[in-house]
Amino acid sequence: MAAATTISLSPAMKRQKTTSEIADVKFKCEDLDIDANYTAGNIVEIELHNFMTYDHIMCHPAPRLNLVIGPNGSGKSSIVCAIALGLAGDPQILGRASNVGAFVKRGQDSGYVKISLRGDRASEKIVIMRKISIDNKSEWVLNGLPVSKRDVIQVIQKFNIQVNNLTQFLPQDRVCEFAKLSPTQLLEETEKAVGDPELSARHHSLIQKSRQLKKLELAIKQNGDSLDQLEKLNAEQERDVDRVREREQLLSKADLMKKKLPWLKYDLKKMEYMEAKRKEDESKKKFDEAAGMLNELSTHLQEQKNAKQRHQGAERKKIDDQYNQNVKKRREVIDLEGRLSTQVRARYTDMEEQKRLDSSRQQRIIRTTEEIDSDVNKLAELPLYTPRTNDIENLRLQIMEFDTIANQRKLQITEKENLLIQKNNSLKQCCNRLADLENKNAKLLHALRNAGADKIHEAYEWVKSHRSKLRKEVYGPVLLEVSVNDRKHAAFLEGQVPLYIWKSFVTQDPIDRDFLYEKLKLFDIPILNKREVSSNTQPFELDSKLRELGLYTRLDQVFDAPDAVRDILTSQTGISDAFVGTRDSDQWADRLAKLGISNFWTPESHYRFSISRYGGHTSGSLDSVYPSRLFLCSSDVKDSENIKIRKTELESAISELEESLKEHKLDQRQLEDKAAKLRKERDEIIIASRHERRKREQMESCIAQKKRHLASLTNEADLESNSKKIIDQIVQLNAQRFQNAVQIKNFLIEGVLYKWKSAQSNMGLIEIDSKIAEMEAEYKRHQRASIQVSAYFEQCKEETENYRKQLSSAKRYAEEIVVITKKLADDFLEMPTTIEELEDAIQDTTSQANSILFVNQNILQEYEDRQCKIDAIKLKQEDYAKELKRCLSDIETLKDKWLPTLRSLVSKINETFSHNFQEMAVAGEVSLDEHEVDFDKFGILIKVKFRQGSQLQVLSAHHQSGGERSVSTILYLVSLQDLTNCPFRVVDEINQGMDLVNERKMFQQLVRAASHLRTPQCFLLTPKLLDNLEYTDACSVLNIMNGPWIKEASEVWKSGKCWRKITG
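A quick note: this is a predicted structure, and the numbers were derived from the prediction, not measured. (Residues numbered from 1 in each chain as written. Predicted model: local features only at pLDDT ≥ 70, side-chain atom pairs only at ≥ 80, totals over all residues. Heavy atoms only, no water.)

### Looking at the overall build of the protein
Right, on to step 1. Summing up its helical and strand segments, the protein has 25 helices and 24 strands in all.
Right, on to step 2. By residue count, 40% of the 1064 residues in the protein fall in the buried class.
Right, on to step 3. Accessible surface for the protein amounts to roughly 62,400 Å². Of this, 49% is attributable to carbon and sulfur atoms. (Helix = DSSP H or I, 4+ residues; strand = E, 2+ residues; numbered from the N terminus. Buried < 20%, exposed > 50% of the residue type's maximum accessible area, 1.4 Å probe, protein only. Areas by Shrake-Rupley, 256 points an atom, 1.4 Å probe, with all protein chains shown as cover.)

Okay, here's the thing in structure tokens:
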């Protein structure tokens, strides 16, 4: 139990000493004399609940100097922490903890700090409450209403409260930081503490302007150097550039001429088109005239034909039919006469032939008999034909046997080829799978490199290329050999195993380890060797009690790896003692620790417990689980090993199959060669047999044919009988011819009669036919002429269309090259007007351009690029010059407003500081360290001298003791008392380390400064005060006491009674 009170003490009063026994802290602080001299922003009330050492406290500080006194550990600094956190300060400025949850009293879930400030009016009270909880959450309440932290900050900024400024707020754990402030930092803190925001803002603006000025000056200098260099390079290349430009002008002129060339061709095509169009028009005119004339002739011709049809009648048609019938019959008789005459002539010819053949028949009979006798003799001389059937059959059987064996070999070869294709496909799949795994390995190596193993890829490639020099299999890096299927398990494993294990290589032989250690020393890669220790690995079984508490496996069971790698991980990382659980395990962490589980993982937390070797008590740590960064694309190690073994087996099998296939193919080729030789021998025998048989058959056939010819010659009739038959046939044919002649005579008489009648009918039509014939001839002549004119017209149309297409194509091509503008048309007028002249001009211009030679092909581009850079730099220089002038003007304006005010401020501080040091019989001064336009180097120098005969030294840890620095610090703060516009100042245990003399003088200075009207409220925290100090009415003492007997006094003080009533 602890209690505190605020009382006004007379100079004769002495500080009460109490015995410190830590107990629950709970007290209330009541006003014994509330002063009415509070200023805006003063703290009028502090209320704490479940905050650090306090259950509950409420006190009312005085408006001037508040001395907070109490033994160490009683809770003085808790008041400082409450003021800082209650006024929107961050925990880091206190130097105690990094989050607000640490300030909640142990054993409680939440607490609050309530600070009451005096408003602009005496009757106005601003109450700020900050509720905090152990899960580091804060809630803000302003005058009873929930608000955001930003709203609270706006309120405290209104009163210039700066809890992060060491000149206003100096907690115990940051006292030493004040002496470490550099002159620049001290100037910044002093400017903020004075309370004029314009002073600090102008200083910050001057610093920014100064940096901007330096950047502008540096940029101007660098741009000037670059400009001089670029102009010098361009000046050196101007002559070559002129030659390049001349060449480009010539080439440009040639290109321009080339652009005109399609338009000249277009003009030529246009002229051809116009000429073809003119011819088409002329031919069309002639075609129209011929068509008109032809139509007119056709009309007249049709009129004549109609007149002819009117003169013709039925009698004319009858006469013509009778005459045509007579002509038809006459022609049939004449045709018959012609056939009979032909037969008669043929009979006479046969008689002559019979006479000629009879004279040569006897000679042919004799010659044929002789030829038959000669052929019979030759046939008798030929050897007897005996077919070699047995030999051919034996050869056929041998060939069939060889073919059967060869077909069997062929089937075997086909089967082996199919099997070889399957093996090759399987090998290709294995290689592709290994390539995929290698790609995954590359990603894992990249992850190791990002984690800090810069040369892991080089080491991996070195080991991979030198495996032949190793005695046993080497694994590594370990990350590549481990396969984890679950990402949660990967995060656990990565958190359990240190990085040096993941990047290390694992050997199974000490000689390999020493060899790799020497070779990979430059790569900074560890080499771990598996020890040959016989271990009886028991199957993992999880106790049912542990399963009930959420554990379901052990960390060494969640991954796959080679045995050597697993042994290294188990022996060096403790994964065999780390368990894996669900979120339910978070609730049973204490029970798991009691069951001896010292290390286990859950989806969000990592728990570790240890037992002290001295006290035997159990302590634990809780860390968050972070996602895996290394196992981004882990590969299956067993799968990799199986694929490698499968690949080796397939390669061996393929090699054996290829050798067997070669032997089978060689055997098949030998069998096919033997069968081919036997087939050749069999074919030779068959061909010889066929030749002998065909020769005998040909001779026999020839003899039989000659015998038949001899029989036909012998059987022929004699000449007289044949001649008599032919004469009888001739007589009969002549009788028929006579009858035909009589019929022809009768038909001719009848035809003449019909013709005479027809002539009488045709006399009237002759004149019409004559006219029709003339008109038809005229019509045909005009028709031929019209056809010629039409053909010529179509030809002209076709030519015109062709010229039109050519003209359109030429125009499109010319427009693709260039579209004629007014300027381009003027340029074209100055060029040759014919294609030949223009092509000659292009060739001449191109030759003239090509005659200009230069070394650097890109010199013009480089020159123009540099010229563009020169122009751009000049523009930048102009802008920089304007900006520099404007920046100098702004600096002078700000400096005129800032520096005189700062000098006056430092002068006033120095005056008060020097006066305070003189009263303590020592010397000190405060000066402004100026550096022209380097405003970021401006600072305040505190120089002090504590011994006679020494010089003023800048305040630092090297020149003054701790007590001297404390005296200088408090006196500097006192010097700011009258100048600052802050409502209060807090100093925690500044008198620690001072000797008695300095502490007494320091206290007198504080009391004297606090006695002035309108000075800021001050809180001085100290565990002790000297005896017989001088106090004034401006001083108020807050005693903080604790101990087992303090409860009664606390209850009395709650009722508002004073110290005297309690002490009797």
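Having seen it, we continue.
### As for the pattern of salt bridges
Right, on to step 1. Inspection of the entire model under this criterion finds 30 salt bridges.
Right, on to step 2. Salt-bridge contacts for K158 lead to D120; the nearest nitrogen and oxygen are separated by 3.0 Å. Remark: D120 occurs in the loop between strand 5 (110–118) and strand 6 (125–133) and K158 occurs in helix 2 (residues 149–158); sequence separation between them is 38 residues.
Right, on to step 3. Classification of K158 as exposed rests on a relative accessible area of 53%.
Right, on to step 4. In this structure, the salt-bridge partner of R278 is E275, at a minimum N-O distance of 2.3 Å. Pair noted here: R278 and E275 are both in helix 6 (residues 238–311), with a separation of three residues, about one helical turn.
Right, on to step 5. When its relative accessible area of 38% is taken as the criterion, R278 is described as partly exposed. (Salt bridge = Lys/Arg side-chain N within 4 Å of Asp/Glu carboxyl O.)

### Focus on the sheet that holds strand 15 (residues 579–581)
Right, on to step 1. The strand order 13-15-16-17-18 describes an open sheet built from five strands, whose pairing is mixed. Either end of the sheet is taken by a strand with one partner, and the two such strands are strand 13 (551–554) and strand 18 (618–624). Within the sheet, the average angular offset between the axes of one strand and its neighbour, ignoring direction, is 25°. (Pairing = 2+ DSSP bridges. Axes fitted to C-alpha atoms, helices over the stretch in contact; angles between N-to-C directions.)

### Observations concerning the packing of aromatic side chains
Right, on to step 1. Considering all chains together, one arrives at eleven aromatic pairs under this definition.
Right, on to step 2. When the ring of W263 is compared with that of Y266, the centres are 5.6 Å apart and the planes differ by 85°; the resulting orientation is edge-to-face. Taken together, the positions of W263 and Y266, both in helix 6 and three residues apart, correspond to about one turn of that helix. Here W263 and Y266 have matching classes, each one buried.
Right, on to step 3. Through a chain of ring-to-ring contacts, the aromatic side chains of F600, Y607 and F609 assemble into a single cluster.
Right, on to step 4. A cation over a ring is seen here: R566 above F559, with NZ or CZ 4.5 Å from the ring centre. (Phe/Tyr/Trp six-rings, centres within 6.5 Å; stacked < 30°, edge-to-face > 60°. Lys NZ or Arg CZ within 6 Å of the ring centre and 35° of its normal.)

### Regarding helix 11 (residues 487–496)
Right, on to step 1. Counting buried positions along helix 11 gives seven out of ten residues, so the element sits mostly inside the fold.
Right, on to step 2. Sitting at the head of helix 11, D486 places a side-chain oxygen 3.0 Å from the backbone nitrogen of K488. (Polar contact = N/O pair within 3.5 Å; in protein donor to acceptor, adjacent residues only side chain to side chain.)

### Focus: the nonpolar core
Generally speaking, nonpolar side chains in soluble globular proteins are found buried as a group.
Right, on to step 1. Grouped together as the largest cluster of nonpolar side chains are 52 residues, with contacts concentrated most on L65, L67, W898, F913, V926, I942 and Y972.
Right, on to step 2. It is helix 21 (residues 859–919) that provides the largest number of residues to this core, a total of twelve residues.
Right, on to step 3. Taken together, domain 1 (42–173 + 984–1061) and domain 2 (211–263 + 813–887) each give at least three residues to this core, which thus spans both.
Right, on to step 4. By size, the runner-up hydrophobic cluster in this structure holds 48 residues, among which are L479, I501, F523 and A578. (Core = buried A, V, L, I, M, F, W, Y, C linked by side-chain atoms within 4.5 Å. Domains from an automatic or database assignment.)

### Looking at the UniProt feature "coiled-coil region" (unreviewed entry) in the protein
Right, on to step 1. What UniProt calls "coiled-coil region" (unreviewed entry) maps, in this numbering, to residues 213–247, 420–454 and 640–716.
Right, on to step 2. Note that residues 213–247 is 97% helix and 0% strand, and that its end C-alpha atoms are spaced 48 Å apart. (UniProt positions renumbered as here; feature names shortened; annotations may be inferred.)

### What about the environment of I611?
Right, on to step 1. The topology assignment puts I611 in strand 17 (residues 605–611).
Right, on to step 2. Sequence separation between I611 and S598 is 13 residues, and the spatial gap between their C-alpha atoms is 9.2 Å.

### Observations concerning unusual backbone geometry
Right, on to step 1. The amide bond that connects G476 to the next residue, P477, takes the cis arrangement and shows omega of -10°.
Right, on to step 2. A positive phi angle, close to 55°, is found at M52, a residue other than glycine.
Right, on to step 3. Position of M52 relative to the elements: it lies in the loop between strand 2 (43–51) and strand 3 (54–59).
Right, on to step 4. Located in the positive-phi region is N136, a residue other than glycine, with phi close to 65°.
Right, on to step 5. Looking at the element boundaries, N136 is found in the loop between strand 6 and strand 7 (138–142).
Right, on to step 6. Judged by relative accessible area, which is 41%, N136 ranks as partly exposed.

### Here we look at the pairing of strand 22 (residues 984–988)
Right, on to step 1. Summarising burial for strand 22: five of the five residues are buried, a large majority.
Right, on to step 2. Here strand 22 shows two buried faces, one formed by F984, V986 and D988 and the other by R985 and V987.

### Overview of the sheet that holds strand 21 (residues 953–954)
Right, on to step 1. Spatial ordering of the open sheet is given by 19-20-21, a layout of three strands whose pairing is antiparallel. The open sheet has two free edges, formed respectively by strand 19 (923–929) and strand 21, since each of these has just one partner strand.
Right, on to step 2. Of the pairings in the sheet, the one linking strand 19 to strand 20 (residues 939–945) comprises seven bridges and is antiparallel in character. When the sheet's bridge partners are listed, S927 is paired in strand 20 with L941.

### Structural notes on a negative patch on the surface
Right, on to step 1. Together, E836, E837, E839, D840 and D844 make up a negatively charged patch on the protein surface.
Right, on to step 2. Of note, E837 is situated in helix 20 (residues 835–850). (Patch = residues over 30% accessible without salt bridge, like charges linked within 9 Å, V, L, I, M, F, W, Y side chains within 5 Å. Lys, Arg positive; Asp, Glu negative; His and termini not counted. Charge placed at Lys NZ, Arg CZ, Asp CG, Glu CD.)

### Some thoughts on the side chain of E481
Right, on to step 1. Structurally, E481 is set in helix 10 (residues 478–481).
Right, on to step 2. At 3.2 Å, the side chain of E481 and the backbone nitrogen of G476 are in polar contact.

### Notes on the environment of R591
Right, on to step 1. Mapping R591 onto the fold places it in helix 16 (residues 589–594).
Right, on to step 2. As for R591 and L549, which are separated by 42 residues in sequence, their C-alpha atoms are 8.3 Å apart.

### Remarks on the environment of L216
Right, on to step 1. Position of L216 relative to the elements: it lies in helix 5 (residues 197–236).
Right, on to step 2. Its relative accessible area of 8% is what places L216 among the buried residues.
Right, on to step 3. For L216 and E883, which are 667 residues apart along the polypeptide, the C-alpha to C-alpha distance reads 7.8 Å.
Right, on to step 4. Setting aside its immediate chain neighbours within four residues, L216 contacts Y880, E883, L884 and C887. (Contact = heavy atoms within 4.5 Å.)

### Some points on the state of the cysteines
Right, on to step 1. Overall, the coordinates contain zero disulfides when judged by the stated rule.
Right, on to step 2. Of the cysteine sulfurs around C1035, a residue in no disulfide, the closest is that of C1018, at 9.8 Å.
Right, on to step 3. Judged by relative accessible area, C1035 falls into the buried class, the value being 2%. (Disulfide = S-S within 2.5 Å.)

### Points about the confidence of the model for the protein
Right, on to step 1. With 83% of its residues at a pLDDT of 70 or more, the protein has an overall mean of 78.
Right, on to step 2. Contacts from residues 1–34, a stretch scored under 50 in pLDDT, to residues over four places away or in other chains number 100 contacts. (pLDDT = per-residue confidence, 0-100.)

### Focus: the pairing of strand 20
For a regular strand, the rule is simple: side chains alternate between the two faces of the sheet.
Right, on to step 1. For strand 20, the tally of buried residues reaches five of seven residues, placing the bulk of the element in the interior.
Right, on to step 2. Examined bridge by bridge, strand 20 and strand 21 share two bridges and lie antiparallel to one another. Pairing of V944 across the sheet is with Q953, part of strand 21.

### Quick word on the side chain of S628
Right, on to step 1. One can find S628 in the loop between strand 18 and helix 17 (637–715).
Right, on to step 2. Within polar-contact distance, the side chain of S628 engages the side chain of E494 at 2.6 Å.
Right, on to step 3. Look past the residues within four positions of S628 in its chain and what remains in contact with it is A490, A491 and E494.

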